[in-house]
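# Architecture at a glance
Listed below, chain by chain, are the residues.
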Amino acid sequence: MRGFGWRRVMAAVLSLAALFVIGWFGAPVALADDFDPGDTPLSRYAPFGPHETVSTAAVYPCAGLYAAWDALSRVSGNHSEMTCTREFPGGLDSPIGVDFYYPKDIATMSRVPTIIWVPGFTSEPGNYDSSARLWASHGFVVAMPHDFVNSLFELPLAAAAALSHANHDPANPLSGRLDLSRTVIGGHSGGGGAAVNGASIPPNIYQLVDPEFRVVGAMPTEPGPVAAAFLVNVPTLYLAGSFDLIVPHFLPRLVEYEVNLNAPAYFICLKGVTHFTPFDDAQHNATSGITLAWLNYLVNGDKTAASYFVGPAWKLRGDPGVDYALRNVRADRLPA
């Protein structure tokens, strides 16, 4: 039994080493020698926006299981301490619910676009506090549904229902301020798979929740493979990490991006990004700036943001923080 146990350990070590090598040597896109990417979303969209933000859930230093995750994330290169709410298993609060991040001055704003962000498998909203505040500071309302598993179809629908309820509740500070027709669904790890699943739900189902509700895009980050990507009909940005050993970049590329044929789709593998990078502060989290550029392009029609994704000289392919960048035929055909 002892020998068998050591063989299993060695096999696991060798498997991880193989994934590391594959991630390190992921094939970059060949660029012309004179290609100048100019400004990049990794730098342009990292700073926080003009709005102070509010969250419905307070965050604290992580304890228990999440303290171990924090240690792993710091070893893997994260700069900031991971944050948590008091939700199980980091505390005794319910692991099921929907938390919100929004601009503090939302009462003075016109109708605000919304983001549904699903945490990873066994993760919770507090782990993504910095990224959620970044998006909210730029004028978005973020709804984070969670049920500890965080991987299936029901969470995007739960978030849609919570957003609709908030928008129609006179006692809620978000009442009447949400533009549910401009919603983007995202998530990390298992939550990335849930985001793909949410983007595959037919529009008429969401409209049973709220007649105004419309998903205009998706942004799964290092997504788990339990996802119906072949049913997605909205523009989708897949993000992966070259150093991700939990969801190595080739998995979502093969089982999600390659079968996403009904809408414009992008697959971006980021240099040096691990599976723990999305827990880091927004200034050191390479996924934050790119997702904000994607949001501004899809939701706000921002021309600078669009230049990273559309046209023959789309800038994202030459971003120095990108290992390789792909887009499908439908994305190729989008006008600059």
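Each remark here, short or long, concerns the structure printed above.
Summarised in this report is the structure supplied together with it. This one's a predicted model, so the numbers in the text were calculated from it and none came from an experiment.

Reading the values: rules and limits
Residues numbered from 1 in each chain as written. Predicted model: local features only at pLDDT ≥ 70, side-chain atom pairs only at ≥ 80, totals over all residues. Heavy atoms only, no water. Pairing = 2+ DSSP bridges. Helix = DSSP H or I, 4+ residues; strand = E, 2+ residues; numbered from the N terminus. Axes fitted to C-alpha atoms, helices over the stretch in contact; angles between N-to-C directions. Buried < 20%, exposed > 50% of the residue type's maximum accessible area, 1.4 Å probe, protein only. Right-handed = clockwise from strand over helix to strand, strands pointing away. Core = buried A, V, L, I, M, F, W, Y, C linked by side-chain atoms within 4.5 Å. Contact = heavy atoms within 4.5 Å. Patch = residues over 30% accessible without salt bridge, like charges linked within 9 Å, V, L, I, M, F, W, Y side chains within 5 Å. Areas by Shrake-Rupley, 256 points an atom, 1.4 Å probe, with all protein chains shown as cover. Salt bridge = Lys/Arg side-chain N within 4 Å of Asp/Glu carboxyl O. Disulfide = S-S within 2.5 Å. Phe/Tyr/Trp six-rings, centres within 6.5 Å; stacked < 30°, edge-to-face > 60°.

Here we take up the sheet that holds strand β6 (residues 141-146). An order of β1-β4-β6-β5-β7-β8-β9-β10-β11 is seen for the 9 strands of this open sheet, with the pairing classed as mixed. Either end of the sheet is taken by a strand with one partner, and the two such strands are β1 (53-55) and β11 (322-327). Taken over all neighbouring pairs, the strand axes of this sheet differ in orientation by 15° on average, direction set aside. As paired strands, strand β5 (residues 112-118) and strand β7 (residues 178-188) are joined by 7 bridges and run parallel to one another. Paired with Ile115 across the bridge in β7 is Val184.

Here we come to unusual backbone geometry. Here the bond from Phe88 into Pro89 is cis, since omega is 10°, no more than 30 degrees from zero. Turning to its location among the elements, Pro89 is positioned in the loop between β3 (83-84) and β4 (97-103). The backbone phi angle of Thr122 is positive, close to 70°, even though this residue is not glycine. With respect to the helices and strands, Thr122 occurs in the loop between β5 and α4 (129-137). Even without being a glycine, Asn150 presents a positive backbone phi close to 55°.

Attention now goes to the pairing of β6. Burial within β6 is extensive, with 6 of its 6 residues counted as buried. In β6, alternate side chains face the same way, and those of Val141, Ala143 and Pro145 on one face and Val142, Met144 and His146 on the other are all buried. Looking at chain direction, β4 and β6 are connected through 5 bridges and run antiparallel. The residue bridging Phe100 from the neighbouring strand is Ala143, located in β6. Read as a crossover between parallel neighbours, the route from β5 over α4 to β6 is right-handed.

Among the 9 residues of α4, 8 are classified as buried, and the element is accordingly described as predominantly covered. Asp129, Ser130, Ser131, Ala132, Leu134, Trp135, Ala136 and Ser137 are the residues of α4 that are buried. Positioned one or two residues after α4, Gly139 has a phi angle of 95°, which is positive.

Membership of the largest hydrophobic core comes to 46 residues, with the highest contact counts inside it found for Ile268 and Phe309. Ranked by the residues each element gives to this core, the list is headed by helix α9 (residues 286-300), at 7 residues. Once residues lying within four places of it in the same chain are set aside, the contact partners of Ile268 are Leu237, Tyr238, Leu239, Ala240, Ile290, Trp314, Leu316, Val322, Tyr324, Ala325 and Leu326. Within the second largest apolar cluster, 39 residues are counted, among which are Ile106, Ala143, Ala160 and Ala199.

This part covers a nonpolar patch on the surface. A grouping of Phe230, Leu231 and Val259 is seen on the molecular surface, where their side chains present a nonpolar patch of about 260 Å² in accessible area. Residue placement: Val259 occurs in the loop between α8 (250-255) and β10 (265-270).

Taken as a whole and judged by the stated rule, the model has 1 disulfide. Each disulfide pairs two cysteine sulfurs, and for Cys62 the partner residue is Cys84, the sulfurs being separated by 2.1 Å. On the sign convention where negative means left-handed, the S-S torsion of about 95° between Cys62 and Cys84 marks this disulfide as right-handed. Taken together, the positions of Cys62 in the loop between β2 (60-61) and α3 (65-75) and Cys84 in strand β3 put the pair 22 residues apart, joining distant regions of the chain. On the accessibility criterion, Cys84 (2% relative accessible area) is buried.

A few words now on the pattern of salt bridges. In the structure shown here, the tally under the stated rule is 6 salt bridges. A salt bridge links Lys104 to Glu52, with the shortest nitrogen-to-oxygen separation between them at 3.6 Å. Residue Lys104 is found in the loop between β4 and β5, and its partner Glu52 is found in the loop between α2 (41-44) and β1; the two are separated by 52 residues along the sequence. Pair check on accessibility: Lys104 and Glu52 agree, each one exposed. For Arg111, the salt bridge is made with Glu212, and the minimal N-O distance between the two is 2.7 Å.

Along the polypeptide, Arg74 turns up in helix α3. Taking the C-alpha atoms as reference points, Arg74 and Phe279, separated by 205 residues in sequence, lie 10.0 Å from one another. Beyond its immediate sequence surroundings of up to four residues, Arg74 is in contact with His79, Ser80 and Glu81.

A separate point is the packing of aromatic side chains. Inspection of every chain in the model, using the stated rule, returns 18 aromatic pairs. Measuring from ring centre to ring centre gives 6.4 Å for Trp69 and Phe279, while their planes differ by 15°; the resulting arrangement is stacked. Here Trp69, found in helix α3, pairs with Phe279, found in the loop between β10 and α9; they are 210 residues apart in sequence, far enough to count as distant. Residue Trp69 shares its accessibility class with Phe279, and that shared class is buried. Following the ring pairs from residue to residue traces out a cluster consisting of Tyr66, Trp69, Trp117, Tyr128, Trp135, Phe276 and Phe279.

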